[in-house]
Amino acid sequence: MADLTKGNRRFVILISGRGSNMQTIVDTVQGEGLPAQVCAVISNSADAAGLHWARQRGIEAVAIPHRDYASREEFDLALAGAIDQYEPDYVLLAGFMRVLTPGFVQRYEGRLLNIHPSLLPSFPGLHTHQQALTLGIQWHGCTVHFVTAQLDHGPIVAQGIVPVLAGDDPDALASRLLAVEHKIYAQVVRWLSEGRVMLDHKQQVVQVEGAATRAFLPDGTLMGGVGKEQS
Ligand code: GRF
C-alpha cells in the first residue's frame, strides 16, 4: 500500500454528474500548488458534465457506465480496475451516486472519502434537504467522512453548517449548503495533501494534525481557525 506519510499525494475523483465539488478540488490542488495531483476523474455516467470539464483542464476523464454491467459486483470490479491504473493514495467520492459493494469499500479502506449533504449521522441516503425541511431542523450541514461498508457512515473528517431560512425549499437549501461543501472538501484535500489526516482504524476516529477544530461555519471558514487553515 502507498506510503501516505510523505510525497506527492495522488487523488482519483469519482463523480456522477455536474462535479462542482470535483472542480473545487482540482482548482485547489492545481491553483495552490499542493504536493498533490488529481490523476483522473471517473464517472459511472458518460453524460456527466464534470467529465467534459476535467478533460478541458487536461485531466484524464473516464466513463465506466454502470448500465454496461450485469451486477454491482461486476461494475465495482471494473471501476476498481480503472482506479488502480492511476495508483491513487486517495479515492474521493464527490457526488458519486452509486452504492459501493463491501468488497470495493474494503479494497480502499482508509483511502476512500465521501462528501454527504447532511450532518451525519442524521439523514443518510437521498433527499437530505427535504428531510431537513420536513423535520424543521434549524441547522443543516455537510460531512466529509471516510467510507465504510455502512452507507453514509464512517469516521468523520470535517463538518460544516448552514442555517435553514424561512421560505427555503430543497433547492435553496442545497445551494446554500453547496458553497460550504466546496470549502470543507477543499480544506480536507489540503490536509490530505499535507499528510495531516490520521485515521485510527481500531477506534474509527480521525485526527488532523494541527487542526484545533474541523467544524466549518456558514461562511465556509473553520471555527476558530487561524492562519493557513482559513481559506
Ligand atoms: C453534492 O451536494 C454532494 O454532497 C451530493 O451530491 C451533490 C453533488 O454535487 N452527494 P456536485 O456534483 O459535486 O456538483
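Residues numbered from 1 in each chain as written. Predicted model: local features only at pLDDT ≥ 70, side-chain atom pairs only at ≥ 80, totals over all residues. Heavy atoms only, no water.

S.K.: I tried to follow the overall build of the chain on my own but got confused; where do I start?
M.R.: Counting its secondary structure elements, the chain contains six helices and 10 strands. Rg of the C-alpha trace for the chain: 17 Å, near the compact-globule value of 17 Å for 231 residues, within the 12% margin. In the chain, which comprises 231 residues, the proportion classed as buried is 49%. Of all intrachain contacts in the chain linking residues separated by at least 6 positions in sequence, the fraction that spans at least 24 positions is 62%. About 10800 Å² of surface is accessible on the chain, with carbon and sulfur atoms providing 53% of the total. One way to put it: in the chain the 18 positive side-chain charges average out to a point 3 Å from where the 23 negative ones average out. (Helix = DSSP H or I, 4+ residues; strand = E, 2+ residues; numbered from the N terminus. Rg over C-alpha atoms; globule rule 2.2 N^0.38 Å. Buried < 20%, exposed > 50% of the residue type's maximum accessible area, 1.4 Å probe, protein only. Contact = heavy atoms within 4.5 Å. Areas by Shrake-Rupley, 256 points an atom, 1.4 Å probe, with all protein chains shown as cover. Lys, Arg positive; Asp, Glu negative; His and termini not counted. Charge placed at Lys NZ, Arg CZ, Asp CG, Glu CD.)

S.K.: Honestly, the site of the ligand in this entry has me stumped. Any pointers?
M.R.: Inspection of the region around the ligand gives Arg18, Gly19, Ser20, Asn21, Gly95, Ile115, Pro117 and Glu181 as its neighbouring residues. In this structure, an oxygen atom belonging to the ligand sits 2.5 Å away from a side-chain N or O atom of arginine 18. Contact distances for the ligand include 2.7 Å between an oxygen atom and a side-chain N or O atom of glutamate 181. Computed on the free molecule, the ligand has an accessible area of 370 Å², of which 85% lies beneath the protein chains in the complex. (Near = heavy atom within 4 Å. Polar contact = N/O pair within 3.5 Å; in protein donor to acceptor, adjacent residues only side chain to side chain.)

S.K.: Is there a simple way to explain unusual backbone geometry in this structure?
M.R.: Glycine aside, residues mostly have negative phi, and peptide bonds are mostly found in the trans state. Following leucine 120, the chain continues into proline 121 via a peptide bond in cis, with omega recorded as 15°. By secondary structure assignment, the location of proline 121 is in the loop between strand S5 (112-116) and helix H5 (128-135). Even without glycine at this site, phenylalanine 123 takes up a positive phi of about 55°. Within the secondary structure layout, phenylalanine 123 lies in the loop between S5 and H5. For aspartate 152, which is not glycine, the phi torsion reads 55° and is therefore positive. Assignment of secondary structure puts aspartate 152 in the loop between strand S6 (139-146) and strand S7 (156-163). A relative accessible area of 9% places aspartate 152 in the buried class.

S.K.: Which parts of the structure should I look at to understand the sheet that holds strand S1 (residues 9-15)?
M.R.: Think of a sheet as strands paired side by side through backbone hydrogen bonds, with each pair either parallel or antiparallel. Here eight strands make up an open sheet; going across it, the order is S3-S2-S1-S4-S5-S6-S7-S10 and the pairing mixed. A strand with exactly one partner marks an edge of an open sheet, and here the two such strands are strand S3 (60-63) and strand S10 (215-216). In terms of strand pairing, S7 meets S10 through two bridges, oriented parallel. In the strand pairing of S10, glutamine 159 is matched with alanine 215. Packed onto the sheet, helix H6 (residues 170-193) meets S1, strand S2 (36-43), strand S4 (90-93), S5, S6, S7 and S10 and runs at close to 155° relative to S7. (Pairing = 2+ DSSP bridges. Axes fitted to C-alpha atoms, helices over the stretch in contact; angles between N-to-C directions.)

S.K.: Any chance you could explain the pattern of salt bridges here in plain terms?
M.R.: Side chains that carry opposite charge are capable of pairing whenever their charged atoms lie near each other. Overall, the coordinates contain five salt bridges when judged by the stated rule. Its salt-bridge partner being arginine 107, residue aspartate 84 comes within 2.8 Å of it at the nearest N-O pair. Pair noted here: aspartate 84 is in helix H3 (residues 72-84) and arginine 107 is in helix H4 (residues 102-107), with a separation of 23 residues, a long-range link. On the accessibility criterion, arginine 107 (41% relative accessible area) is partly exposed. (Salt bridge = Lys/Arg side-chain N within 4 Å of Asp/Glu carboxyl O.)

S.K.: Is there a simple way to think about the side chain of threonine 221 in this case?
M.R.: By the secondary structure assignment, threonine 221 is in the segment after S10. On the basis of relative accessibility, which here comes to 17%, the residue threonine 221 falls in the buried class. Looking at threonine 221, its side chain comes within polar contact range of the side chain of aspartate 219, at 2.6 Å.

S.K.: What is the right way to look at the nonpolar core in this model?
M.R.: Soluble globular proteins tend to bury their nonpolar side chains together. Formed by 47 residues in total, the largest nonpolar core has its most connected members in Ile13, Leu92, Leu113 and Trp191. Per element, the largest residue contribution to this core is nine residues, and it comes from H6. The next biggest cluster of nonpolar side chains, apart from the first, holds 21 residues, and it includes Leu14, Ile64, Tyr86 and Tyr108. (Core = buried A, V, L, I, M, F, W, Y, C linked by side-chain atoms within 4.5 Å.)

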